Number of protein chains: 2
Amino acid sequence: MHRNDDYYWDKVRETRPAEQRQSLIFQRLKAQLDYVYEEIPFYRQLYQAHGVEPRQIDSLDSFSRRIPVVTKAMLRQSQRDHPPFGNYLGVDFKEVVRIQGTSGTTGEPTLFAISAQDWDEISEAQAMQCWAAGLRPDDIVQIVFPLSLYVGGWGLLGATEKIGAKVLPMAGGNTERQIMLMQQVGSTVICGTPSFCLHILEKARQMGVDLAAGPLRLGFFGGEPGAGIAGVKQRLESGFGIKAIDFGNVAELHPCSNMECEQRTGMHVYQDIDYTEVVDPSDPNISLGYNRKGAVVYTHLWRKSQPMIRYFPGDETIITDEPCPCGRSYPRMPNGIIGRLDDMLIIRGVKFYPSDIEEILRSISWLGTEFRIVIEQKGALQEVTVEVELERAVAPADHQSLVEQKLQANLGLRVSVIAKQPGTFPRTAFKARRVIDRRTGNQDE
Amino acid sequence: MHRNDDYYWDKVRETRPAEQRQSLIFQRLKAQLDYVYEEIPFYRQLYQAHGVEPRQIDSLDSFSRRIPVVTKAMLRQSQRDHPPFGNYLGVDFKEVVRIQGTSGTTGEPTLFAISAQDWDEISEAQAMQCWAAGLRPDDIVQIVFPLSLYVGGWGLLGATEKIGAKVLPMAGGNTERQIMLMQQVGSTVICGTPSFCLHILEKARQMGVDLAAGPLRLGFFGGEPGAGIAGVKQRLESGFGIKAIDFGNVAELHPCSNMECEQRTGMHVYQDIDYTEVVDPSDPNISLGYNRKGAVVYTHLWRKSQPMIRYFPGDETIITDEPCPCGRSYPRMPNGIIGRLDDMLIIRGVKFYPSDIEEILRSISWLGTEFRIVIEQKGALQEVTVEVELERAVAPADHQSLVEQKLQANLGLRVSVIAKQPGTFPRTAFKARRVIDRRTGNQDE
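Residues numbered from 1 in each chain as written. Chains lettered and ligands numbered in written order. Predicted model: local features only at pLDDT ≥ 70, side-chain atom pairs only at ≥ 80, totals over all residues. Heavy atoms only, no water.

K.L.:
Sorry, what's going on with the overall build of chain A here?
P.N.:
Helices and strands together make up the secondary structure of chain A, namely 12 helices and 21 strands. Relative to a compact globule of 445 residues, whose C-alpha radius of gyration would be 22 Å, chain A shows 22 Å and is just as compact. If you line up chain A on its principal axes, its C-alpha atoms span 70 × 60 × 40 Å. Of all 445 residues assigned to chain A, the portion counted as buried reaches 58%. The long-range share in chain A, meaning contacts at least 24 apart out of those at least 6 apart in sequence, stands at 68%. As displayed, chain A has an accessible area near 17,300 Å², and 49% of this comes from carbon and sulfur atoms. In chain A, which carries 50 positive and 56 negative side-chain charges, the distance between the mean positions of the two groups comes to 1 Å. (Helix = DSSP H or I, 4+ residues; strand = E, 2+ residues; numbered from the N terminus. Rg over C-alpha atoms; globule rule 2.2 N^0.38 Å. Buried < 20%, exposed > 50% of the residue type's maximum accessible area, 1.4 Å probe, protein only. Contact = heavy atoms within 4.5 Å. Areas by Shrake-Rupley, 256 points an atom, 1.4 Å probe, with all protein chains shown as cover. Lys, Arg positive; Asp, Glu negative; His and termini not counted. Charge placed at Lys NZ, Arg CZ, Asp CG, Glu CD.)

K.L.:
It is not clear to me how the relation of the copies chain B and chain A should be interpreted in this structure. Could you clarify?
P.N.:
By a simple turn and slide, chain B fits onto chain A: the slide is 0.0 Å along the axis, the RMSD is 0.0 Å, and the turn is 180°. As the rotation angle and translation indicate, the two copies are arranged about a two-fold axis. Closest approach to the rotation axis among the C-alpha atoms of chain B is made by Leu-147 of chain B, whose C-alpha sits 3.2 Å away. Mapped onto chain A, 100% of the interface residues of chain B are again interface residues, and the two copies thus contact each other with one and the same surface. (Least-squares fit on C-alpha atoms with pLDDT ≥ 70 in both.)

K.L.:
In this structure, what is going on with the side chain of Ser-62 of chain A? I would like to understand it.
P.N.:
Residues and elements named next belong to chain A. Tracing the chain through its elements places Ser-62 in helix H4 (residues 60–66). Separated by 3.0 Å, the side chain of Ser-62 and the backbone nitrogen of Asp-58 make a polar contact. Contacts of Ser-62, omitting those with residues within four sequence positions, involve Gln-56, Ile-57 and Ile-67. (Polar contact = N/O pair within 3.5 Å; in protein donor to acceptor, adjacent residues only side chain to side chain.)

K.L.:
How do you make sense of the sheet that holds strand E19 (residues 381–390) of chain B when you look at a structure like this?
P.N.:
Strands pair in a sheet through their backbones, by hydrogen bonds, and they do so in one of two ways: parallel or antiparallel. Residue and element names in this part refer to chain B. Read from one edge of the open sheet, four strands run E20-E19-E18-E21, paired in mixed fashion. Every interior strand has two partners, whereas the edge strands, strand E20 (416–420) and strand E21 (435–437), have only one. Each strand of the sheet is rotated relative to its neighbour by a mean of 20°, with strand direction disregarded. Pairing analysis gives three bridges linking strand E18 (residues 367–378) to E21, with the strands arranged parallel. Bridge pairing links Ile-373 to Val-435 in E21. Helix H12 (residues 399–411) contacts E18, E19 and E20 of the sheet and is inclined by roughly 140° relative to E20. (Pairing = 2+ DSSP bridges. Axes fitted to C-alpha atoms, helices over the stretch in contact; angles between N-to-C directions.)

K.L.:
Just to check I follow, could you spell out the pattern of salt bridges for this structure?
P.N.:
Any two side chains of opposite charge can pair if their charged atoms end up close together. Residue and element names in this part refer to chain A. Taken as a whole and assessed by the stated rule, the structure comprises 60 salt bridges over all chains. Asp-61 is the partner of Arg-65 in a salt bridge, and the nearest nitrogen-oxygen pair spans 3.1 Å. Here Arg-65 and its partner Asp-61 are both found in helix H4, four residues apart, which amounts to about one turn of the helix. Take Asp-61: its relative accessible area is 46%, and that puts it in the partly exposed class. (Salt bridge = Lys/Arg side-chain N within 4 Å of Asp/Glu carboxyl O.)

K.L.:
How do you make sense of the interface of chain B and chain A when you look at a structure like this?
P.N.:
For interface size, the figure often reported is the accessible area lost on association. Across the contact, 38 residues belong to chain B and 38 residues belong to chain A. Between chain B and chain A, the buried area comes to about 3,000 Å², and carbon and sulfur atoms account for 57% of it. Put simply, chain B and chain A have four salt bridges between them. As a salt-bridge pair, Arg-98 of chain A and Glu-161 of chain B come within 3.4 Å of each other at their nearest N and O atoms. Counting across the chain B and chain A interface gives 19 residue pairs in polar contact (both at pLDDT 80 or more). When contributions to the side of chain B that touches chain A are tallied by element, the ones reaching two or more residues are strand E1 (96–101), helix H7 (152–163), strand E4 (166–169) and helix H8 (175–186) of chain B. (Buried area = accessible area lost by both parts, 1.4 Å probe.)

K.L.:
Sorry, what's going on with the sheet that holds strand E19 (residues 381–390) of chain A here?
P.N.:
Residues and elements named next belong to chain A. With mixed pairing, the four strands of this open sheet are ordered in space as E20-E19-E18-E21. Pairing within the sheet leaves two strands with one partner each, and these edge strands are strand E20 (416–420) and strand E21 (435–437). Pairwise comparison of adjacent strand axes, ignoring direction, gives a mean angle of 20° for this sheet. Direction of pairing for strand E18 (residues 367–378) relative to E19: antiparallel, over a ladder of nine bridges. Across the sheet, the residue bridging to Leu-367 is Leu-390, located in E19.

K.L.:
Which parts of the structure should I look at to understand unusual backbone geometry?
P.N.:
Phi is mostly negative for residues that are not glycine, and the peptide bonds are mostly trans. Omega for the bond connecting His-254 of chain A with Pro-255 of chain A falls within 30 degrees of zero, at 5°, which places this linkage in the cis form. Position of Pro-255 of chain A among the secondary structure elements: in the loop between strand E7 (243–246) and strand E8 (258–259). Look at Arg-310 of chain A: it is not a glycine, yet its phi comes out positive at around 55°. Looking at where Arg-310 of chain A falls in the secondary structure, it is placed in the loop between strand E12 (294–300) and strand E13 (315–317). Residue Arg-310 of chain A is classed as buried on the basis of its relative accessible area, which comes to 0%. Unusually for a residue other than glycine, Gln-306 of chain B sits at a positive phi of about 45°. Relative to the helices and strands, Gln-306 of chain B is located in the loop between strand E12 (294–300) and strand E13 (315–317). Residue classification places Gln-306 of chain B among the buried positions, given a relative accessible area of 2%.

K.L.:
Would you mind showing me how to read the confidence of the model for chain A here?
P.N.:
Detailed reading of predicted coordinates is not advised where the pLDDT is low. Per-residue pLDDT for chain A averages 92, and the proportion of residues at 70 or more is 98%. Our summary of model confidence lists the complex with pTM equal to 0.89 and ipTM equal to 0.88. (pLDDT = per-residue confidence, 0-100.)

K.L.:
Quick question: what am I supposed to make of the packing of helix H11 (residues 354–362) of chain A against helix H12 (residues 399–411) of chain A here?
P.N.:
Packed helices, taken two at a time, are described by the angle between their axes plus the distance between the axes. Residue and element names in this part refer to chain A. Orientation of H11 relative to H12, taken along the N-to-C sense of each, is 130°, at an axis distance of 10 Å. Taken together, H11 and H12 sit at an angle that is classed as oblique. Considering the relative orientation of H11 and H12, their crossing is right-handed. Mapping the contact onto sequence places Asp-356, Ile-357, Ile-360 and Leu-361 in H11 and Val-403, Lys-406, Leu-407, Asn-410 and Leu-411 in H12. (Parallel < 35°, antiparallel > 145°, perpendicular 65-115°, else oblique. Left-handed = near helix turned anticlockwise from the far one by under 90°.)

Here it is in structure tokens:
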């Protein structure tokens, strides 16, 4: 058991010089490649189709250049062809102890089957990350994430148990009850989606409760890019009186190995949990290295059940190896996950993510927590309307044009703004869905 | 790890002759009494107020005669006076790893704080019970219970993990999704409240899905007395194609030590987990022994964190020591929990429980799953109206009077029946609230 005043979970590992770590990663990678090629039909067939064999991989560089990526569509197809878990399970089904799934609200979920050993190692890996973020045995951890098919909340729960801290498993739902229990129990840590946690803050204000005055000191935010957006992080930190930690979660990877440390200089990339590359989105065999924006690709170095080798979730990021003041030698994503390539909007030639609009809106203090981005086809033109909520019933007289100007200046795109009264949009206890695309052929609503 | 074909989890323990077990129970009881008297102010003060000391207890009989019971009201008062966990925590707060609470929808919840060692022992105890009920390592266990503050679902999850079976943590919500995943994954075990599981059956029928034709073989039902009611058990067994196991859960006890074995001859009383007595409801120091109906009183033999010594939840039952064909020597509750004394209705001198009405309604095949019991004061008289749903839009022409006659014949009370169309009443993913009391001073609605 680690003590409250231990600084590292595993000092040797966390401060290992980069070259040494690369060498260990390559050894693990080779072992994983041999394993998936020998044991997993999905990978063997994929590599045979690409004319590559594990024995040809003699460096991290040749791994990037020669090994094809895996996409969500490929996994779904494999599960359709080989129900229920696809032909990439790896372990004997007897070893599986957990079945989880995507949280998608439409269509059949992708299923995840995880072995006993992997489930335990996931908790251990997440404990190391949460420790670096400041979670300690004395903490009372209020889990606001759902604890159901979605894996994100289970990772935090497992980490909390490994660390020996106290779990208060609220698991979504009833916002007032979240606030009431937070006060009654004296929670010191909150974990949830940024959307729902912002809504908790909004409700607390309505109830006349100042959560920043209570014992909360730390928050873990995932499931959405939120806490990587400066304005969102600032609202969460001042509203709850906490350090807000951004962490990644890609359900296929569990654990996703990206989490900020206490310094909050962008998510650390725990390369010895999942090896992580930034590549050219149009050719994932071209590695971009550090400090260039591209698509991120992950490889499980340890998982045996449904291991992901070069999984391409479609997220954009930049990785840097500039040192972090925390002392850990892991590289970082200074801007977090910038956006999901699938979510990118291209309107009249301007490319942007919904999170770009969120970042601008969050910097305006008199706007509330919810908003919607409505995209419509008007004749030949595509128009964007941003519907915002005011934080209170009063606001500057020219508030709509103020928001329009700020959006135009930052996005380089003229958009219309419609301001609504506080509480207009429905709140979610999980992930918000804020883009309403009314263009022909888009059925996002 | 136990093997699929092991019959017992712990043969020596489960088949121990009654007298030997009583003697072990008494040793544990003495140790617990010494512990709570020395370490826990709540118990020391209670026993001093009743003029009793642990050293005076020299038999199970004197334990029953001299040790006062603990009620929910006393725990709530203790938590009000000594927030948040009351003055009966026992262990150092550092040892606590779980904070759970009552699922009550009104008022402040009662909080439960559980130590690491107790949390592990709870899972071990529940594993032994679930094994006797037929749960095995090869099973895929779909947990339909919420996994949040309510402890019931966590007990099943812990038992499933100890046994090494596979957990599919659906945790309430979306009925169609429950059915879809059940089919996609091939769940063999379902765990939930009888109300919600009956609703799953109703929805499956609407979807044209015959769940009895699938791989489900076993179900664990708790949170409500449901699966102890013959008509409910029969509907669950035939609808899902399973053996339906009734288990108790009293959140204050966790684990509640009542669970049926595969024979389903009534819940076994695992006396060496929680020592269980049946007493006179008006004087809980009068023990009624076997085969007499009374109030049940439980004592934790192992728990150190918030241990319950003679906890009186207000439930009525009968315990018998007639042997069960399963071979275990634990006594049984042949009728399960008959009712909660607080829920008992007395109308025009006739005493009955809502579950008595449920039992009668469940025996009528053309009635649907939901119903309401409405109690009104009409002048000097109290009137009961039972609102039922038809299973389909068609039913016998004189259906209302048929139900009225059956209720009157079985209850000995004239009640009115109003039949409604299928789907009239709201469904719940957790516990149903079916009594609507409109008498003055009753605000149950």
